[in-house]
Structures are given as structure tokens and as C-alpha cells.
Amino acid sequence: ATQHSGSSSSRSGRRSARRRAGFEEGDDDLAQEGSEPDGLMDFGGGPMEPMEPLRTTSLGDLWSAYGASWAEFNRCVVPSEFPASTERGGGLVAGATMDAYHHTRDSASLFDVSYKVSLRVTGADREFVADQFLTCNLRAMRPGDVQYACVLDSKGLILDDAFVYLTQDAVEILTSGCHSRQVADYLGHYVVYVRRTGADVAFEESHRGAAIALQGPKSCEALARALDKLCMSLDPAVSSLRLETVDTEPEFVPMQVLSEMPYMSALRLRPGKAGPGADAEHAAAFVLRVGSTGEDGFEIVAPAGALMQQLASALLEDSPVVQPAGLHCLDMLRMEAGLPRVGTDILPGRVTPVRASLVWTLDQAKMRGHLMFGWQKLFFQLAKGPKFRRVALLLDGPGHTGCRLLSNPHRQPIGEITSTAWSPALQSRVAMAYVRPEYAKADKHILVTVPYNLPTYKMRSKAIKHWIRSGPLRSSYRKLVAACITTLPLVPHVYPEPARQRKTAARTKSFAPEGPVAPASPSGSPPGARARLPSVSSRAPLGGGGGPVRRGGAEPAGQALHRNAGEGARSDVSST
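This section reports on the structure supplied with the text.

Backbone hydrogen bonds are what pair the strands of a sheet, in a parallel or an antiparallel way. With antiparallel pairing, 5 strands are arranged side by side in an open sheet as S6-S7-S8-S5-S9. Here the strands that pair on one side only, and so sit at the sheet edges, are strand S6 (146–152) and strand S9 (202–205). Averaged over neighbouring strand pairs, the angle between their axes works out to 30° when direction is ignored. Taken together, the 5 bridges between strand S7 (residues 158–166) and strand S8 (residues 170–175) define a ladder with antiparallel strand orientation. In the strand pairing of S8, Tyr165 is matched with Glu172. Across the sheet, helix H5 (residues 126–133) lies against strand S5 (117–122), S6, S7 and S8, angled at about 25° from S8, the strand it touches most. Along the sheet, helix H6 (residues 180–195) makes contact with S5, S6, S7 and S9, crossing S9 at roughly 165°.

Tallied over the entire structure, the rule returns 9 aromatic pairs. In textbook terms, an aromatic cluster arises when at least three aromatic residues are bridged by ring pairs, as seen for Tyr148, Phe163 and Trp360. One cation-aromatic arrangement involves Arg355 over Tyr434; the distance from NZ or CZ to the ring centre is 6.0 Å.

Here we come to the packing of H5 against H6. H6 packs onto H5 with a crossing angle of 135° between their chain directions and a minimal axis gap of 11 Å. Here H5 is positioned oblique relative to H6, judged by the angle of their axes. Of the two elements, H5 crosses H6, and the hand of that crossing is right-handed. Contacts from Val129, Gln132 and Phe133 of H5 reach H6 at Leu187, Tyr190, Val191 and Val194. A breakdown of the residues in the contact of H5 with H6 according to their chemical character gives 6 nonpolar, 1 polar and no charged.

Further remarks concern the side chain of Thr420. For Thr420, the location among the structural elements is in strand S19 (residues 413–423). For Thr420, the side chain forms a polar contact with the side chain of Arg429, separated by 3.5 Å. If near-sequence neighbours (up to four positions away) are discounted, Thr420 is found in contact with Met335, Leu395, Gly399, His400, Arg429, Val430 and Ala431.

Strand order in this open sheet of 8 strands is S12-S11-S13-S14-S15-S10-S4-S16, and the pairing throughout is mixed. Every interior strand has two partners, whereas the edge strands, strand S12 (252–253) and strand S16 (322–324), have only one. With 4 bridges connecting them, strand S4 (residues 108–112) and strand S10 (residues 210–215) associate as antiparallel partners. Bridge assignment links Asp112 to a residue of S10, and that residue is Ile212. Each of S4, S10, strand S11 (241–245), strand S13 (266–271), strand S14 (285–288), strand S15 (297–302) and S16 touches helix H9 (residues 306–317); the most contacted strand, S10, lies at about 20° to it.

This part is about the pairing of S13. Within a regular beta strand, the side chains point alternately toward one face of the sheet and then the other, so they alternate between its two faces. Most of S13 is tucked away, with 6 of its 6 residues classed as buried. The alternating pattern of S13 places Ala266, Arg268 and Arg270 and Leu267, Leu269 and Pro271 on opposite faces, both of which are buried. Pairing of S11 with S13, which is carried by 5 bridges, proceeds in the antiparallel orientation. What sits directly across from Thr245, in S13, is Leu267.

A general feature of soluble globular proteins is that nonpolar side chains tend to end up buried together. One finds Phe133, Leu134, Leu138 and Ile173 to be the most contacted residues of the largest nonpolar core, which totals 68 residues. Here this core takes 7 residues from S7, the largest share from any one element. Setting aside anything within four residues of it in sequence, one finds Ile173 in contact with Val117, Ser118, Leu119, Val121, Phe133, Leu134, Val151, Ala162, Phe163 and Val164.

Parameters and conventions
- Residues numbered from 1 in each chain as written.
- Predicted model: local features only at pLDDT ≥ 70, side-chain atom pairs only at ≥ 80, totals over all residues.
- Heavy atoms only, no water.
- Pairing = 2+ DSSP bridges.
- Helix = DSSP H or I, 4+ residues; strand = E, 2+ residues; numbered from the N terminus.
- Axes fitted to C-alpha atoms, helices over the stretch in contact; angles between N-to-C directions.
- Contact = heavy atoms within 4.5 Å.
- Phe/Tyr/Trp six-rings, centres within 6.5 Å; stacked < 30°, edge-to-face > 60°.
- Lys NZ or Arg CZ within 6 Å of the ring centre and 35° of its normal.
- Parallel < 35°, antiparallel > 145°, perpendicular 65-115°, else oblique.
- Left-handed = near helix turned anticlockwise from the far one by under 90°.
- Nonpolar A, V, L, I, M, F, W, Y, C, P; charged D, E, K, R; others polar.
- Polar contact = N/O pair within 3.5 Å; in protein donor to acceptor, adjacent residues only side chain to side chain.
- Buried < 20%, exposed > 50% of the residue type's maximum accessible area, 1.4 Å probe, protein only.
- Core = buried A, V, L, I, M, F, W, Y, C linked by side-chain atoms within 4.5 Å.

Structure, rendered in C-alpha cells:
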């Protein structure tokens, strides 16, 4: 009994010390508001659901012909890497991944993303019900629009991230597939609950279980050539393929104008021989101009069958332009794009969009109307701020998931790394991490403690137990690596620019200063003084309309400042 009481007191003392350091739950102020737990121990990827079945890709034979190596991701077996091309040399995993990375940046690569799971919400009240667990505003979208959103639970915590697009009769949700069975069960039970109130809504998992991603600056030309090749083939199943808009009255879209397809939009790829009706809709595929690599590209979602097989084969036959790439390359590109990976960077059911730095996905109009799950908690975190925030790091040395972050120079625990990868564009190891908000600033220098294996062959058992109890914050048998917090994304995105944005940029070019030569100042300013640019009031408005003409001389500087600030506030409100 004495030993038991002593051990209990020692454990409680260590638990209190860890709670004071901020590594366990115990923050009563946020717990009362329904905030998610703030323990740093919960940032790592959790175990997968043991009862979730293991899935396989329908393109396994095709990838095996190209010498693919396989890996399990989100309970789905997909290609992890392909042998490097003989032109650049090398056959190792690192060489193959780097070869695929540079080919994606320069040309186009084809990825198998069949680990993603597509969900469908149908019925007359589908948009009203789906708006409650999605962060995007479905009522502001039209059929054919695509938005990146988070799937929330009833407490405002992220279950998964997804690309959401509308069709004429359904809300399609393409999730990342992390804990797909749990997410489907959770949303299905909620839809059943809503149907008891009389709502006309239904929820199901889509039959489109095959998905590929064509990413790269030349992906549009490659996809157009592949579709033209299929249309000229002798196979009647794909010889009459047609692209059409996702509207109530679909319109035919020629293959040649695929480059004019706006980013974050969707088109339907329908086999023409199937004819109108349910069979044609069941066999149709969707072409989404989206991606998670930061490059221009497409994601094609289709039923597993001959259409996806022949489309992937036609894309890979254009070998100088398109090459197969694996999961390692895709994860490297995702890290540089600054997008989180659910299951590693975001633990499902433990992190809010505010904490995950995904505030830009929230539609505050729905939050103000109390139409989104967890709106009260999200408003509270937007006002007070979360205890931790997701940031990107540049590491000056090794690092891995689970390494703790220390302040510099006081070496106090401030966060934890969730995932790392090598960035060829930055020539440095990069990482995603959660840090306290006072350190979540660009160019903030911190330290990373990287523990290494204990030399147990020359240590006593008592010393081994001591260092194991110390955990990752031990003061010895570790290496301190310098790190710097940087902005997201790590590499700027290269997305197709809309025509409206190009016109706006062309209008603003005329207002740029012609050169560094400063005009002569009538007040006799010194030669080294910086020339002041003309005020906003002296320039034409960007909208193209004529502004109010003021006569009788220049107005005072204070009045001009207040007037320009008021006009800027009104323009911001109107644009919002």
C-alpha cells in the first residue's frame, strides 16, 4: 500500500508538471466554451479504424506494368513511387521521387488518388442539410462550381477535408478518405435524424470509386489530346465521349476549349452511346479542375471500369509529356503547397478550422445565421484565438513527426511537429507544426529538439528508465536544430488566371510609376528625399467609372485621408 501511494503521488506530480508545461488537457477557460483539447500529445496521426476494410485501386494492373511500388494510405493500396526514367538516371526511391517531382513542375504527372471517397447528398433539401456540416456556402454556388471545404462534426471539429461540387440533383463531396467509414456513418446518422423531421434528403456513398489526378503546367494539353484519341478509337464504349456542362440543361463543350475551363469548376464526361437516362448518368465521370499540388491540373472521378482504364492508358501513352508518379511525390508537392493532410496534420475530431489555419474556408454568413455546426465555438476562437496554430517551418537539419519545438533562447516548449518532407524548390527540409499563437509569426526563429536512440548497451537500467520517463523533452541524448517559421504556402501556387483577373491586372498596370525618377518638388525638398506617390484621390478609380471631380484646389491632407479610408471600407464591404 505504501508503494502504491508513493507511485500514485509521483505520477500525479509528473502529471501536474506536464499540465503546467501545456502538454495535457486541463485548460478550463476554453473547455467551458466547448473548445477542442489543447494538449500537444494529440497532434500526431491517430490509429486507423481496425474494422475499416482495406481497399485497392481499380488500376492496379496498369500501374504494375509501369513497375509501381505500393503503399497503404487511408486504408487504400496505391502506388508510392515508380522507377526513375533512364534519361535522368537513377533507380532508387529518392531518385524516382525527385524525378517525378521535377517532371510535375515542368510538364505533367498522373497520380492515382483512389484513396479518396466520394459521398452524395440528394433530395430537395440537400443544400440546406449539407450546409450544416460543410464550411463552404452551397447556396452561393451554382452547378459546376467546386470549392475546397472542411467536413465538421456537431462541435465544429474537422472530420475531413474535401472538394465539394454541385450537380443538377446532388451535392458531391470528394473527401480525402481518412476514416472514411466513420465519416460516412456520422453523416449518415445525422441525415437519418434530419429525415425524421420531414426533410427530403438522402445520403449515400457514391459509386464513383476510381480517381486519378493529372497535375502539371501541361496537364490541360495532355488531357485534351487523350480525349481526342479516345474519341477516334474503335471501341464503341469510348468512341463517342462528350464533355458537357453540369447544369439542368447540359450543353456540349468541345474538347478544344478545355483550356478555357475555369479553375475550381467541373464538367461531366459522358459516354454518348449510353444515351440519356439513368444508365448514362451512372456511367458518367466528372472532370474537376482542382488539385493539391499548387500546379494547374485536373482530378477525374469515375466508376471503376473500362472508361477509367482507357483514359489513364491514353494519358500515359503521351510519354514525353505525361509520366506516372506516386504518393511520395504527391505528398512532397502538397507540403510545398501548404495544404494539411488529414490524419497527420489534422487529427479527425480534435482540431477546428481556426486552429488548423483554415479560416479562409469558413463562410461567416452561415455562421452569423447559425447554420453551421460549431458556429459558437468558431466565433469564440476567432475572437480570442486558439491555443495553438498550424504553421510551416524551415529546418536547418533533421526532424521528424513528434519532435517538440522550443522557444529561442529560453528553450520553453511551444509546440510540436506533425509532418516533414524535403522541399526541392527551397533546398531545405520543411515541416508542418502547431505552435502557440505568439510564435506563429513569419521569420520567427525557434529550436527543434530531435531525440535519438539511447546507448542502452552501456547504460544502467535505472538510467534508461529515467531518460524514457523524460520523454521527448529530455535534456540529453538529443540534438537541437534551428528552425524558422515561414508563411503558407511554401511555394507560390501556379493556377490558371481568370479572364476577369487578367483584365483587372491590365487596368492597374497603367497606374504603376514609370521609373524611379522623382518629380521636382516646388517646396525645395532635399535631393535624397523619397518622392511621394500620388494619392488615391488623384487617380482614376479601378472600376473604370468616373469619380467625383473636385474643383477649387486641392483638399486638405487630413480630409483626403479620411475620405479615402471611407471609400476603401465601403468597397471592401460591397465586394464582400
